[in-house]
Each structure stands twice: as structure tokens, then as C-alpha cells.
Amino acid sequence: MDLGISGKTALVCASSRGLGRACAQALAEAGVNLVLNARGAEDLEKTAQEIRETYGVTVTCVAADVSDPDGRAALLDAAMGVDILVNNAGGPPPGLWSDWDREDFIKALDANMLAPIALIKALLPGMIDRGWGRIVNITSGSVKAPIPQLGLSNAARAGLTGYVAGTSRQVAPHGVTMNNLLPGIHATDRADSLDAGVSKAEGISIAEAKAKREATIPARRYGTSEEFGAMCAFLCSNKAGFIVGQNILLDGGAINATL
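Below is a short write-up of the structure. (Residues numbered from 1 in each chain as written. Predicted model: local features only at pLDDT ≥ 70, side-chain atom pairs only at ≥ 80, totals over all residues. Heavy atoms only, no water.)

**Examining the sheet that holds strand β3 (residues 59–63)**
And then number 1: Reading across the sheet, the seven strands line up as β3-β2-β1-β4-β5-β6-β7 and stay open at both edges, with parallel pairing between neighbours. The strands lining the two open edges of the sheet, one partner per strand, are β3 and β7 (247–250). Neighbour-to-neighbour, the strand axes of this sheet turn through a mean angle of 15 degrees, independent of strand direction.
And then number 2: Both strand β2 (residues 33–38) and β3 contribute to a ladder of five bridges, which runs parallel. Within β3, the residue paired with Asn37 across the bridge is Val62.
And then number 3: Relative to the sheet, helix α4 (residues 102–130) contacts β1 (9–12), β4 (84–87), β5 (133–138) and β6 (176–183), its axis offset from that of β4 by approximately 170 degrees. (Pairing = 2+ DSSP bridges. Helix = DSSP H or I, 4+ residues; strand = E, 2+ residues; numbered from the N terminus. Axes fitted to C-alpha atoms, helices over the stretch in contact; angles between N-to-C directions. Contact = heavy atoms within 4.5 Å.)

**Overview of the layout of surface pockets**
And then number 1: Taken as a whole, the second largest pocket holds about 200 Å³ of empty space.
And then number 2: In terms of lining residues, the second largest pocket is bounded by Leu3, Ala22, Gln25, Ala26, Glu29, Ala30, Tyr55, Ser225, Glu226, Ala230 and Ala233.
And then number 3: When contributions to the lining of the second largest pocket are tallied by element, the ones reaching two or more residues are α1 (18–29) and α8 (225–235).
And then number 4: For the lining of the second largest pocket, the per-class residue count stands at seven nonpolar, two polar and two charged. (1 Å grid on protein atoms, 1.4 Å probe; cavity = no way out; pocket = protein on both sides within 12 Å on 5 of 7 lines; lining within 4 Å. Points joined across faces, edges and corners; volume = space filled by probe spheres on them. Nonpolar A, V, L, I, M, F, W, Y, C, P; charged D, E, K, R; others polar.)

**Comments concerning the pairing of β6**
Consecutive side chains of a regular strand alternate in pointing toward one face of the sheet and then the other.
And then number 1: Within β6, eight of the eight residues are buried, leaving the element largely enclosed by the surrounding structure.
And then number 2: Residues of β6 alternate between two faces, with Val176, Met178, Asn180 and Leu182 on one and Thr177, Asn179, Leu181 and Pro183 on the opposite face, all of them buried.
And then number 3: Sheet analysis places β5 next to β6, joined by six bridges and oriented parallel. Counterpart to Gly133 in the pairing with β6 is Val176. (Buried < 20%, exposed > 50% of the residue type's maximum accessible area, 1.4 Å probe, protein only.)

**Quick word on the pattern of salt bridges**
And then number 1: Scanning the entire structure with this criterion turns up eight salt bridges.
And then number 2: We note a salt bridge from Arg130 to Asp83, for which the minimum N-O separation is 3.6 Å. In this pair, Arg130 is assigned in helix α4 and Asp83 in the loop between α3 (69–79) and β4, connecting sequence segments 47 residues apart.
And then number 3: For the salt bridge of Glu227 with Arg221, the shortest nitrogen-to-oxygen distance reads 2.7 Å.
And then number 4: Its relative accessible area of 38% is what places Arg221 among the partly exposed residues.
And then number 5: Salt bridges sharing partners connect three or more residues here, namely Arg17, Asp43 and Asp189. (Salt bridge = Lys/Arg side-chain N within 4 Å of Asp/Glu carboxyl O.)

**Quick look at unusual backbone geometry**
Peptide bonds are trans in most cases, and residues, glycine excluded, mostly fall at negative phi.
And then number 1: Within the chain, Ala14 stands out as a residue other than glycine whose phi angle is a positive 50 degrees.
And then number 2: Looking at where Ala14 falls in the secondary structure, it is placed in the loop between β1 and α1.
And then number 3: For Arg220, which is not a glycine, the phi torsion comes out positive at approximately 60 degrees.
And then number 4: Within the secondary structure, Arg220 is located in the loop between α7 (206–214) and α8.

**Topic: empty space enclosed by the protein**
And then number 1: The final tally for this structure, using the stated rule, is two cavities of 30 Å³ or more.
And then number 2: For the largest cavity, the calculated volume is near 40 Å³.
And then number 3: Considering the residues around the largest cavity, the lining is formed by Asn87, Asn88, Ala89, Ala111, Asn112, Pro116, Asn137, Ile138, Arg157 and Leu160.
And then number 4: Listed by contribution, the elements that provide at least two residues to the lining of the largest cavity are α4, β5 and α5 (151–171).
And then number 5: In terms of residues, the lining of the largest cavity owes the most to one element, α4, which gives three residues.
And then number 6: Looking at side-chain class alone, the lining of the largest cavity contains five nonpolar, four polar and one charged residues.
And then number 7: Its boundaries defined by the atoms lining it, the second largest cavity holds a volume of some 30 Å³.
And then number 8: Together, Val66, Asn87, Asn88, Ala89, Ala111, Ala115 and Pro116 line the second largest cavity.
And then number 9: With three residues, α4 is the largest single contributor of residues to the lining of the second largest cavity.

Any functional reading would require information beyond the geometric quantities listed.
Right, here's the structure in full:
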């Protein structure tokens, strides 16, 4: 399928590995030039070079922490005028409700709500002026079904979801769409880390820990990064102009909900 976005430019955050990288690769396959961001310069440049060699698109790297104002400013200097924004950030640490103080919530909000909103606000005017734009936010399945030990993430990502719900309807008349992707478990480094944690805590092998988690997923497997990237690229395409303010769950059916 021709997505109709060849020659456009996208900013993809946290894109040196995992789901962010998968989104960048899928967009590059569609002919989109990239501005890639992550905190680690070495991994970021390695990813960028592999994408350049594979897809022949232009790739600019900006190693920066988007939750830091200076880092965000450097990123926006490189990315101003992009047609597509993919917001992505790792989640805050797990814990109990009694573990977190005000500063913990501020850090979570900065990384998973306020930084994405700042990028949206900075890049939206150009998209509106050009009459076309796509914004995709990678959040979490916890937006639909909160995860008890991830209270910081639940709160911050729900805040971003509420912001997108209202803002997406304001900018849609200008040809700009905003939507969220809600990943469940995918076969990434994050899943490996989670399985290792269960393995250690329960005294079972990592293979057994993975099988135990897969049994909770109706699809009976983890998602692939390629599947996730393909959905991201579709939402960024000309084919998805009538999808506005939606939360699209990619979890193999793990969350048992009608809507």
C-alpha cells in the first residue's frame, strides 16, 4: 500500500531502539525523512546509519532528553517544520501508592505528559499553516486498564490522553490528525527485562516467565515491533485522515473490554 507520505519529514522520539525505532523504520520504508531523538548518542547514530543504508532517506540525529528544556530546544531547532511527530518516552518506575511524593509525580508528568505536549504545541502551528500534519503519541494499555503498580505512569499518560482528546478535535479542521497508540507486551528489550524480573522473583526460567505471560494474551504471543511500526506508519499516512482523537490498543486482546 502506498501511504502517500514519501518525501515528508517526521520527528520520532526515543527512537534508538524498541517501539520508537520500529516506528522510525516503518516511516522510512514509506519514504519519510527522519529526525531521530534519544538520550544515548551512540545507539542513536547506529540506528540512524542502519536506516540510511536500508531505506535511503535523510536521517538527522539529536541526542537529548526531551523532558529537559535545553534538550527540547535543541531538538526543536532541528525538527521545526516536520510534517509528522511521534511522541514516545519510557515510563516512570513502578511502586506502591505510598512510595511516591510530589517530586516523583513532577518527574513523571514532565517525561510522559508535559514534554510531549510541549513538542505538540511547538510543531502544530507549522502543520496547521501547511494544512497537513500527523501526531501519534505512544502511551500504554494502562490508559484503558490501569496497572496498580504503575501509578505514576497511569496518572501521567492519562493526562496526555485527555489533552489529546480535546486538542485533536480543535486541529482536525486544519488537516492535522492526532491519535494515540497503546502498546501491550511486545518483543522488545522492555519485555525481556520484565520476564527477567519475573524469573528472578518466582524462581523460574526466563522461558517459563515468558510462557506464563503469553498465556494471559489471547493471541498467545508477544506483539512484534514490525506490527507496531506498521500501525504507526498507517496513522501517519494519507489513508488515515479520518481517524481523529483515537486510542488504538495493540495488545493481542490482553485487555478484556468491549470499547
